[in-house]
Amino acid sequence: MAVAVAGVLVAAGAITYAVAEDGASGDTPSAESADAGFARDMAVHHQQAVEMSYIVRDRTKDVEVRRLAYDIAQTQANQRGMLLGWLDLWELPKVSADPPMTWMGMGDMPSAGEGSLMPGMATDSEMKKLGTLNGKQAEIFYLQLMTDHHQGGIHMAKGCVQKCTVGVEKRLAQGMVAAQQSEIDLMAGMLKERGAKPR
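Treat the numbers as computed from the prediction; the structure is a model and nothing was measured.

*Asks:* Which parts of the structure should I look at to understand the environment of Phe38?
*Replies:* Among the structural elements, Phe38 can be located in helix 2 (residues 34-57). By relative accessible area, which is 0% here, Phe38 ends up buried. In this structure, the C-alpha to C-alpha distance between Phe38 and Ala157, residues 119 residues apart in sequence, is 7.9 Å. Non-local contacts of Phe38, meaning those with residues more than four positions away in its chain, are made with Ala43, Leu83, Trp103, Met156, Ala157, Cys160, Cys164, Glu169, Ala173 and Met176.

Okay, here's the thing in structure tokens:
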């Protein structure tokens, strides 16, 4: 088991190093670039999705919702690791003095506040509320929050597809668009089954 895990980690590391050199011009992205901005912002965005997913896994026994939450948590935690790994390899800071979304030309966009730093992110109050619900109520609220979260994530990923210059990062962003749209469609059906709909 340990050997298998080590092999996976080595492979992931090799992929991350390859990504760092997969730029259109071979130059390392700057701290102000779309590549770096997307990596920083999406890492934060993903972290909340991971937290949200682990919260709902403890609030419901529904197999379908728990499986979805687990898949989202694992996928986005892995992608977050890649995004932060690229920043390390590019020797760029993981935080910026610029407002979120500056790399998309949206740095002056007012945030929802209270922890919701970027499109689709839940507020601190919403995260706290999720942690107080149980069963069907928790399932519905999670599916609604995650639908909003994915819509915001898709908006950001499309921005990277248009503006990023590192090839593998652009492909990861395109993959996010497809995967998260598929999950939005899935969650719409799950909400309908529970007599609810997206917010």
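*Asks:* Could you clarify how one ought to interpret helix 6 (residues 167-193) in this entry?
*Replies:* The periodicity of an α-helix, 3.6 residues per turn, causes residues three or four positions apart to be oriented the same way. If you check helix 6, its first and last C-alpha atoms are 40 Å apart, about what 27 residues at 1.5 Å a residue would give, namely 39 Å. Looking at the buried side of helix 6, the elements it contacts are helix 2, helix 3 (63-89) and helix 5 (135-163).

*Asks:* For this particular structure, what's the right way to read the packing of aromatic side chains?
*Replies:* The description of an aromatic ring pair rests on the distance of the ring centres and on the angle between the ring planes. As enumerated under the stated definition, the model contains 2 aromatic pairs in all. A ring pair is formed by Trp86 and Trp90, whose centres lie 6.2 Å apart and whose planes are at 40°; its orientation type is tilted. Each member of the pair, Trp86 together with Trp90, is buried. Positioned over the ring face of Phe141 is Lys129, at 4.5 Å from the centre of the ring.

*Asks:* Looking at this model, I keep getting lost on the side chain of Asp41. Mind explaining?
*Replies:* Inspection of the secondary structure puts Asp41 in helix 2. Buried and without a salt bridge, Asp41 has Arg40 as its closest oppositely charged side chain, separated by 5.4 Å. Polar side-chain contacts of Asp41 include one of 2.9 Å to the side chain of Trp103. The residues touching Asp41, leaving out its near neighbours within four places in the chain, are Pro100, Met101, Trp103, Met118 and Met156.

*Asks:* What exactly am I supposed to notice about the state of the cysteines here?
*Replies:* Every disulfide links exactly two cysteines, by a covalent bond between their sulfur atoms. Under the criterion given, the structure shown has 1 disulfide. Disulfide partner of Cys160: Cys164, at an S-S distance of 2.2 Å. Across the S-S bond linking Cys160 and Cys164, the dihedral sits near -120°, which makes this disulfide left-handed. Among the residues examined, Cys160 registers a relative accessible area of 0% and is labelled buried. The buried category is assigned to Cys164, whose relative accessible area is 4%.

*Asks:* Explanation requested: the pattern of salt bridges in the structure shown.
*Replies:* Pairs can form between side chains of opposite charge whenever their charged atoms are close. Taken as a whole and assessed by the stated rule, the structure comprises 7 salt bridges. Close ionic contact of Arg194 with Asp62 constitutes a salt bridge, the shortest N to O distance being 3.1 Å. A residue pair is termed long-range when its members are at least 10 positions apart, and Arg194 in the segment after helix 6 and Asp62 in the loop between helix 2 and helix 3 qualify at 132 residues. The exposure class assigned to Arg194 is buried, which follows from its relative accessible area of 9%. Given a relative accessible area of 24%, Asp62 falls into the partly exposed group.

*Asks:* How should I be thinking about the nonpolar core in this particular structure?
*Replies:* Across soluble globular proteins, you tend to see nonpolar side chains buried next to one another. One finds Phe38, Met52 and Tyr142 to be the most contacted residues of the largest nonpolar core, which totals 51 residues. Mapped onto this core, the elements with two or more residues apiece are helix 2, helix 3, helix 4 (124-130), helix 5 and helix 6. Element by element, the count of residues in this core is highest for helix 5, at 11 residues. Sequence-distant contacts of Met52, that is, excluding residues within four places in its chain, are made with Ala122, Met127, Leu130, Tyr142, Leu145, Met146 and His149.

Conventions used here
The numbering scheme is per chain: residues are counted from 1 as the chain's sequence reads. For this predicted model, a pLDDT threshold of at least 70 governs which residues receive local features, and a threshold of 80 or more governs which side-chain atom pairs are given and counted, while totals over whole chains, interfaces and linings are taken from all residues. For side-chain calculations, the full set of non-hydrogen atoms in the structure is used, while hydrogens and water are omitted. Numbering goes from the N terminus for both helices and strands, where a helix is a DSSP run of H or I of at least four residues and a strand is a run of E of at least two. Per-residue accessibility, obtained with a 1.4 Å probe over protein chains only, is compared with the maximum for each type, and a residue is labelled buried under 20%, exposed over 50%, and partly exposed between these values. The contact definition used throughout considers only heavy atoms, calling two residues in contact when any of these lie within 4.5 Å. Helices are assigned an expected span. That span is 1.5 Å times one less than the residue count. Note on ring pairs: Phe, Tyr and Trp rings are taken, using the six-membered ring of Trp, and paired if centres are within 6.5 Å. Classes follow the plane angle, with under 30 degrees stacked, over 60 edge-to-face and the rest tilted. Whether a charge sits over a ring comes down to the Lys NZ or Arg CZ being within 6 Å of the ring centre and within 35 degrees of the ring normal. The convention is simple: Lys and Arg are positive, Asp and Glu are negative, and His and the chain ends are not counted. A side-chain nitrogen of Lys or Arg and a carboxyl oxygen of Asp or Glu constitute a salt bridge if their distance falls within 4 Å. Residues adjacent in sequence count toward polar contacts only when both atoms are side-chain atoms; beyond that, a polar contact is any pair of N or O atoms within 3.5 Å, and within protein one must be able to donate a hydrogen and the other to accept it. The criterion for a disulfide is a pair of cysteine sulfur atoms lying within 2.5 Å. Take the buried Ala, Val, Leu, Ile, Met, Phe, Trp, Tyr and Cys residues and link them wherever side-chain atoms come within 4.5 Å; each set so joined is a nonpolar core.

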